[in-house]
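# Fold and contact review
Below are the chains, spelled out letter by letter.
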Amino acid sequence: VNMGTALIYDEEMTRYKLLWVDPACKIEVPERLVVSYGALVENGLADRCVSIPVREATDADILLVHSEEYLEAVKKTPYMTLEELKEFTLQYGDVYFHPNIYHCAKLALGATLQLVDNVMTGKVRNGLALVRPPGHHSMRSAASGFCIFNNVAIAAQYVKQKYGVKRVLIVDWDIHHGQGVQYSFEDDPSVLYFSWHRYEHQKFWPNLRESDFDVVGKEKGAGSTINVPWNKVKMQNSDYLSIFFHVLLPVAYEFSPDLVLVCAGFDSAIGDPEGEMCATPDIFAHLTHLLMNLAGGKLCAVLEGGYNLKSLAQSVCQTVHSLLGDPAPRPANLEGPCNSALESLQCVRSAHRKYWSCLKHAGSLKYTLIVNVLSFSTIRENFIKDADDKDAVTLSSLIALVDKMEKNEVVLTRDLLYSNLFFYISVLSQGCSDASGFIQAVLGLLLPLGYEYDPSLVLLVQTPGSGICDSVWQQLTGLLQGLAQGHILVLMQRTCIDPTCSSLLGDAAPSLGQLHAAPPEDVEAVENLRQRLKADWKLLQTTDEPDD
Ligand SMILES: NCCCNCCCCCS
Ligand SMILES: [Zn+2]
């Protein structure tokens, strides 16, 4: 059942701004919230959300991450003169203070905690906190990068303490490295921090060595920090999706979080002066959708950066559309990751190979993933001779088609593809009852293929006796709704009706629990098929060696 999407916003958070000249800070303006909230209202999205009031964070909330000295110092800022504020600001980097910023920082944190409370108590399924000042750069005893209190880091500690949450996933899709979050959890295996960020071999702010791919966490936390450096600008949708398919999602499903927190910065979108990337706002509909079947759908997105007012507003709307369960727009002209992205992808995967079984490859072939791709014209010619309306592909003809297609195995190659085709997937598995192997096949093979095909319809067929359990089937049905604007047709046996219908109605799939290593033969099956197919399908690539 879908308990709805929370939207947490208060215009008080627009009431602070830069009071002096500082080129590094002039982009962080109140209008960021005004245009974001305004766009949600204009697009009728605000009305579809559950409006939850903000609250002021308490000292106890703040002290979950920050030191008493730091809090005491910040408490003095409302009473400072302009000169004293300037002086106080000098000790930190790329941040500014204002008489009202402490109040707004408490509201931003309070808004975040209201969101996690309402999600954790089941009042809503997911939500967005539209806040400023942002949080992911602030550290235990220092403000940084426009951030005063680390909203998301505090939220993670808060839910562990208040709700006994065992595992929290933090996805930081902001274009800057949230070093404040990383420092809070580097030795904590219960919080998995994922961040991609413009890096340019440490030449981009905050210019930290510890933002690189080989910094993976310390002691017990080894493996629970995932850093993906972008060493070039102009990264596109394909680059972002590749990292999700081949790094974040496999690890996230293996980790199986109880809650997903998103450092939702939109400076990673096209037009942003900081990121200088080329990913379009609609990609955030997909990034959100791809995370929504984790943690039983419990997802809290908290605004971080985003400095191009136009793309910020659009990206915020795309995110809320997905949170509300609206189908994501078809991802236009995906062309596969660029070499720089592939290099980062390869580096991150090898740095984490020893911590996450999903990133290993080994073993021998066990089950066959038969992927049949036929264009409507092929269908008409071969299977639907008698259809009176030549263009009608009726359900009965599809069922007839499916029966016939079960027999032939077609390894897809590019020349098979026409426009307006649909994507027929049948997973024939001799005894592949293993959720882990199957999910890794879905994430590392099926989704990249599907996104690159960009079909107009997905036909999902449950092969009799495929041994796929309900919750895995629901994950598959849920994830595939990111394709074809959610136009999915499922042909199945009676047994699977309920779980399938709940997924088609937009309910989040139940968590699969922590995934152990997939049987080597399953892994090899996917790996072999991926090797065979990746010459034709760029989104399947994970390294820049053509035949790695
Ligand atoms: N060109 C201005 C330099 C700004 N550097 C700090 C950026 C903080 C972003 C927070 S999401
Ligand atoms: Zn940022």
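Data block above holds the structure.
Below you will find a few notes about this structure. (Residues numbered from 1 in each chain as written. Chains lettered and ligands numbered in written order. Predicted model: local features only at pLDDT ≥ 70, side-chain atom pairs only at ≥ 80, totals over all residues. Heavy atoms only, no water.)

It is worth spelling out the overall build of the protein chain at this point. Summing up its helical and strand segments, the protein chain has 17 helices and twelve strands in all. Counting only residues that meet the buried cut, the protein chain has 62% of its 548 residues in that class. When contacts within the protein chain are restricted to residue pairs at least 6 apart in sequence, long-range pairs at least 24 apart make up 81% of them. Looking at the protein chain as shown, the accessible area adds up to about 19800 Å², and 53% of this sits on carbon and sulfur atoms. (Helix = DSSP H or I, 4+ residues; strand = E, 2+ residues; numbered from the N terminus. Buried < 20%, exposed > 50% of the residue type's maximum accessible area, 1.4 Å probe, protein only. Contact = heavy atoms within 4.5 Å. Areas by Shrake-Rupley, 256 points an atom, 1.4 Å probe, with all protein chains shown as cover.)

Let's shift gears to empty space enclosed by the protein. Under the counting rule described, the total for this entry stands at four cavities of 30 Å³ or more. As for the second largest cavity, its lining consists of Y253, S256, P257, N293, L294, A295, Q475, S511, L512 and G513. Broken down by class, the residue content of the lining of the second largest cavity amounts to five nonpolar, five polar and no charged. Both domains that meet at the lining of the second largest cavity, namely domain 1 (5–352) and domain 2 (362–540), each give it at least three residues. (1 Å grid on protein atoms, 1.4 Å probe; cavity = no way out; pocket = protein on both sides within 12 Å on 5 of 7 lines; lining within 4 Å. Points joined across faces, edges and corners; volume = space filled by probe spheres on them. Nonpolar A, V, L, I, M, F, W, Y, C, P; charged D, E, K, R; others polar. Domains from an automatic or database assignment.)

Looking now at the coordination of the zinc ion (ligand 2). Distances from the zinc ion (ligand 2) to its protein donors, D174 (OD), D174 (OD), H176 (ND1) and D267 (OD), fall at 2.0 to 2.7 Å. For the zinc ion (ligand 2), the single-chain donor residues occur in sequence as D-x1-H-x90-D. Owing to a relative accessible area of 1%, D174 belongs among the buried residues under this scheme. (Donors = N, O, S within 2.8 Å, 3.2 Å for Na, K, Ca; no water.)

What follows concerns the environment of I488. Looking at the element boundaries, I488 is found in strand β12 (residues 488–491). Apart from the residues within four sequence positions on either side, I488 is in contact with L457, V458, L460, T477, L480, Q481 and L504.

Around ligand 1, the surrounding shell holds 13 residues, and the nearest of these are D94, H137, D174, E274 and Y307. Between ligand 1 and D94 there is a distance of 2.8 Å, counted from a nitrogen atom to a side-chain nitrogen or oxygen. Here E274 contributes a side-chain N or O atom positioned 2.8 Å from a nitrogen atom of ligand 1. Burial of ligand 1 by the surrounding chains reaches 84%, relative to a free accessible area of 380 Å². Residue composition of the shell around ligand 1, grouped by class: four nonpolar, five polar and four charged. (Near = heavy atom within 4 Å. Polar contact = N/O pair within 3.5 Å; in protein donor to acceptor, adjacent residues only side chain to side chain.)

Okay, the environment of I154 next. Mapped onto the elements of the fold, I154 is located in helix α6 (residues 151–163). Take I154: its relative accessible area is 0%, and that puts it in the buried class. It is 7.0 Å that separates the C-alpha atoms of I154 and I62, two residues lying 92 residues apart in sequence. Setting aside its immediate chain neighbours within four residues, I154 contacts D61, I62, L64, V65, H66, L109, L113 and F149.

Now for the pattern of salt bridges. Pairing between side chains becomes possible if they bear opposite charge and their charged atoms approach one another. This model, assessed by the stated rule, comprises 18 salt bridges. The closest approach of N and O atoms between E72 and K75, which form a salt bridge, is 3.9 Å. Of this pair, E72 and K75 are both found in helix α3 (residues 68–75), three residues apart, which corresponds to roughly one turn of the helix. K75 sits in the partly exposed class, given a relative accessible area of 24%. Notably, a salt bridge pairs K160 with D188, separated by 2.5 Å at the nearest N-O pair. With K160 in helix α6 and D188 in the loop between α7 (179–185) and β5 (191–198), the pair connects residues that are 28 residues apart, well separated along the chain. (Salt bridge = Lys/Arg side-chain N within 4 Å of Asp/Glu carboxyl O.)

For β5, the buried fraction is high: eight of the eight residues fall into the buried class. Neither face of β5 is left uncovered, since the one carrying V191, Y193, S195 and H197 and the one carrying L192, F194, W196 and R198 both have all their residues buried. Of the pairings in the sheet, the one linking strand β4 (residues 168–172) to β5 comprises five bridges and is parallel in character. Its bridge partner being in β5, D172 is matched across the sheet by S195. Following the chain from β4 across α7 to the adjacent parallel β5, one finds a crossover that is right-handed. (Pairing = 2+ DSSP bridges. Right-handed = clockwise from strand over helix to strand, strands pointing away.)

With respect to the element layout, S436 can be found in helix α14 (residues 435–453). Looking at S436, its side chain comes within polar contact range of the main-chain oxygen of H516, at 2.8 Å. Excluding residues that lie within four positions of it along the chain, S436 makes contacts with L515, H516, A517 and A518.

Time to look at helix α4 (residues 82–89). Of the positions making up α4, those classed as buried are L85, F88 and T89. When α4 is viewed along its axis, its buried side chains cluster within an angular range of 100° and face the same direction. Across from the buried face of α4, at angles greater than 90 degrees, the exposed residues are E83 and E87. Where α4 is buried, its residues meet α3. (Arc of directions from axis to C-beta.)

So, on to the layout of surface pockets. Approximately 270 Å³ is the volume found for the largest pocket. Together, 19 residues line the largest pocket, and H289, G325, G478, Q481 and G506 are the ones closest to its centre. Residues of the lining of the largest pocket, tallied by class, amount to six nonpolar, ten polar and three charged. A domain-level breakdown of the lining of the largest pocket finds at least three residues from each of domain 1 (5–352) and domain 2 (362–540).

Below, the discussion takes up the sheet that holds strand β1 (residues 5–8). Read across the sheet, eight strands follow the order β2-β1-β3-β8-β7-β4-β5-β6 without closing on themselves; strand pairing throughout is parallel. This sheet does not close on itself; its edge strands, each paired only once, are β2 (50–51) and β6 (225–230). Both strand β7 (residues 259–264) and strand β8 (residues 299–303) contribute to a ladder of five bridges, which runs parallel. Considered in β8, the bridge of C263 is made with V302. Packing against the sheet, helix α10 (residues 309–323) makes contact with β1, β3 (126–129) and β8, and its axis sits at approximately 160° to β3. (Axes fitted to C-alpha atoms, helices over the stretch in contact; angles between N-to-C directions.)

With that settled, consider the pairing of β7. A large share of β7 lies buried, amounting to six of its six residues. Alternating positions in β7 separate into two faces, L259, L261 and C263 on one and V260, V262 and A264 on the other, with burial throughout. Looking at chain direction, β4 and β7 are connected through five bridges and run parallel. Note that in β7 the partner of V168 across the bridge is L259.

Okay, α3 next. Burial in α3 covers these residues: Y70, L71, A73 and V74. Buried residues in α3, looked at end-on, bunch into an arc of 160°, giving them a common side. α3 presents E68 and E69 as exposed residues on the side facing more than 90 degrees away from its buried surface. Those residues of α3 that are buried are in contact with α2 (59–62), α4 and α5 (101–120).

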